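# Structural characterization, general
Given next are the chains, with one letter for each unit.
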Amino acid sequence: MRAMATTVLRGIVLILFWALSVRAEQGVAQQTTNEVIAIRAGKLIDVDGGRAVANQVILIRGGKIEAIGEGLAIPAGATIIDLSKMTVLPGLIDCHTHLADGAHDDNGDPMSQLKRTASQVVLESIPNARVTLESGFTTVRDVGVYRALNDLALRDAINKGYVAGPRMFVAGAYITITGGAGAMTGFAPDITLPWDLRYGEANSPWEVRQKVRQLAHDGVDHIKVLSTGAVLTHGSNPNASEFTPEELQAAVSEASNFGLRVEAHAHAPTGIKNAIRAGVASIEHATLIDDEGITMAKERGTYLDMDIYDEECIQEAGKSSHIPLDFLEHDRNLGEAQRQRFTKALRAGVKMSFGTDAGVCPYGVAARQFAFMVKYGMTPMQAIQSATSSAADLLGKADFLGSLKPGKYADVIAVDGDPLADIRALERVSFVMKEGKIYKQ
Ligand SMILES: [Zn+2]
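Thresholds applied
Residues numbered from 1 in each chain as written. Predicted model: local features only at pLDDT ≥ 70, side-chain atom pairs only at ≥ 80, totals over all residues. Heavy atoms only, no water. Helix = DSSP H or I, 4+ residues; strand = E, 2+ residues; numbered from the N terminus. Rg over C-alpha atoms; globule rule 2.2 N^0.38 Å. Areas by Shrake-Rupley, 256 points an atom, 1.4 Å probe, with all protein chains shown as cover. Lys, Arg positive; Asp, Glu negative; His and termini not counted. Charge placed at Lys NZ, Arg CZ, Asp CG, Glu CD. Disulfide = S-S within 2.5 Å. Buried < 20%, exposed > 50% of the residue type's maximum accessible area, 1.4 Å probe, protein only. Axes fitted to C-alpha atoms, helices over the stretch in contact; angles between N-to-C directions. Parallel < 35°, antiparallel > 145°, perpendicular 65-115°, else oblique. Left-handed = near helix turned anticlockwise from the far one by under 90°. Contact = heavy atoms within 4.5 Å. Salt bridge = Lys/Arg side-chain N within 4 Å of Asp/Glu carboxyl O.

This part takes up the overall build of the protein chain. Scanning the protein chain from terminus to terminus reveals 14 helices and 15 strands. Taken over the C-alpha trace, the protein chain has a radius of gyration of 22 Å; the compact-globule value for 441 residues is 22 Å, and the two agree within 12%. Here the C-alpha coordinates of the protein chain stretch approximately 70 × 70 × 40 Å along the principal axes. Taken as a whole, the protein chain presents about 19000 Å² of accessible surface, with 53% of it coming from carbon and sulfur. Mean positive and mean negative side-chain charge positions of the protein chain (44 and 52 charges, respectively) differ by 5 Å.

Now the structure itself:
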């Protein structure tokens, strides 16, 4: 009886909290709903149409684009933002980041995670989020974190306005075999790591399903599995297959029960093909994808999310001998091989998204990858689409992200010059708006 009374009381308290929070949200919405912002865009990149258009006006209300077109009438009282001498684009999307792993660490050794508490790591991640947003990336798909669920904490803090950062879609943890590419490795067998450093370890299809269920319950936005070994993990071999086809299928099947998509880290051809067959949405790195893998990705519409700039940062860190030698050994020859396969997959017509593995290179320099994508075969428009319309499609969020269209979020950036003529203009973004709010001007 007493237990029942407690339950009823708890129910009432919860309803009260819910009512209060709904009122708080409505209050925020009301403040912004009536304010109209008008952006005058000199040149605008229409990524859906694959063309540049001139003299556009973007009308924004309540954080969303209300109308867009040439010479639209600007309502009286609207706040006018003059970008008539600039090129305006949709906010960029990086589909492969690790923003919540703390300060960028020049030696790239995951063991440095053990010298800080989880709270320290997530607080150190605040500048990562800020510089990412200020460099023009208004959305990221964050694909794993060593300290499980730190990424949810950062995502939610950004959504609540506590810290400035891109809209984050997070994985919560790496789902990986014990000792695998996403595990914290390199310790003596009698050292037991805390729960959050081994949260995603799974060693059978049913354990994989259990992890997916747990992460879905925790509130993640997508699922990250590791299909092969990794470059930046001790005792890992990028050429080795890790999860079996059955385990990968279990991940995709269980994730789909919760409406979640799966991305698979994979360097070696067998692991890449196992993951494509299992039905993942994207292959991360896809370093050594072979011709059969390219054909399969093309047939099934699997995205390749190839971080072809990272080699620059890994080799640079190698010169100053900051990076562990076993990581450099893993990396040898992989960089150039990946770039050649990028060109091959592109020519075959495989869907390509923009992902940088931010955290390998310092945060805030992701846009440097655009020039490499162009160097290895993309047109500047294709490179921009990979980080806008294609990225939004990969995330399953094309209804409200990825281009400047009525009904979508007012995620708007601007650069001096013309990125279609010089793609490196995207490395110098001088205006950033996310959901109608200006973060850089
Ligand atoms: Zn990564």
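Past the structure itself, the notes keep going.
Applying the stated criterion to the full structure yields one disulfide. At a sulfur-sulfur separation of 2.0 Å, the disulfide partner of Cys313 is Cys361. Judged by the sign of its S-S torsion, about 105°, the cystine formed by Cys313 and Cys361 is right-handed. Of this pair, Cys313 sits in helix α9 (residues 310–319) while Cys361 sits in the loop between β12 (352–353) and α12 (368–375), and the two are 48 residues apart along the sequence. No difference in accessibility class separates Cys313 from Cys361, as the two residues are buried. Its sulfur unpaired, Cys95 is 17 Å from the next cysteine sulfur, which belongs to Cys361. The class for Cys95 is buried, based on a relative accessible area of 0%.

Here we come to unusual backbone geometry. Only a minority of non-glycine residues have a phi that is not negative, and only a minority of peptide bonds are not trans. Look at Asn55: it is not a glycine, yet its phi comes out positive at around 50°. In this structure, Asn55 sits in strand β2 (residues 51–61).

A word on the packing of helix α7 (residues 269–278) against helix α8 (residues 291–300). The geometry of α7 relative to α8 is characterised by a closest axis approach of 10 Å and an angle of 20° between their N-to-C directions. One element, α7, and the other, α8, form an angle in the roughly parallel class. For the pair α7 and α8, the crossing hand works out as left-handed. Facing α7, whose interface residues are Lys273, Ile276 and Arg277, α8 presents Glu292, Gly293, Met296, Ala297 and Arg300.

This part covers the pattern of salt bridges. Counting across every chain of the model gives 23 salt bridges. Between Arg141 and Glu263 there is a salt bridge, with its nearest N and O atoms 3.7 Å apart. Placement of Arg141 in strand β6 (residues 137–142) and of Glu263 in strand β9 (residues 262–266) is noted, with a sequence separation of 122 residues between them. Note on accessibility: Arg141 and Glu263 belong to one class, buried. It is possible to trace a salt-bridge network through shared partners that takes in Arg141, Glu263, Glu284 and Asp305.

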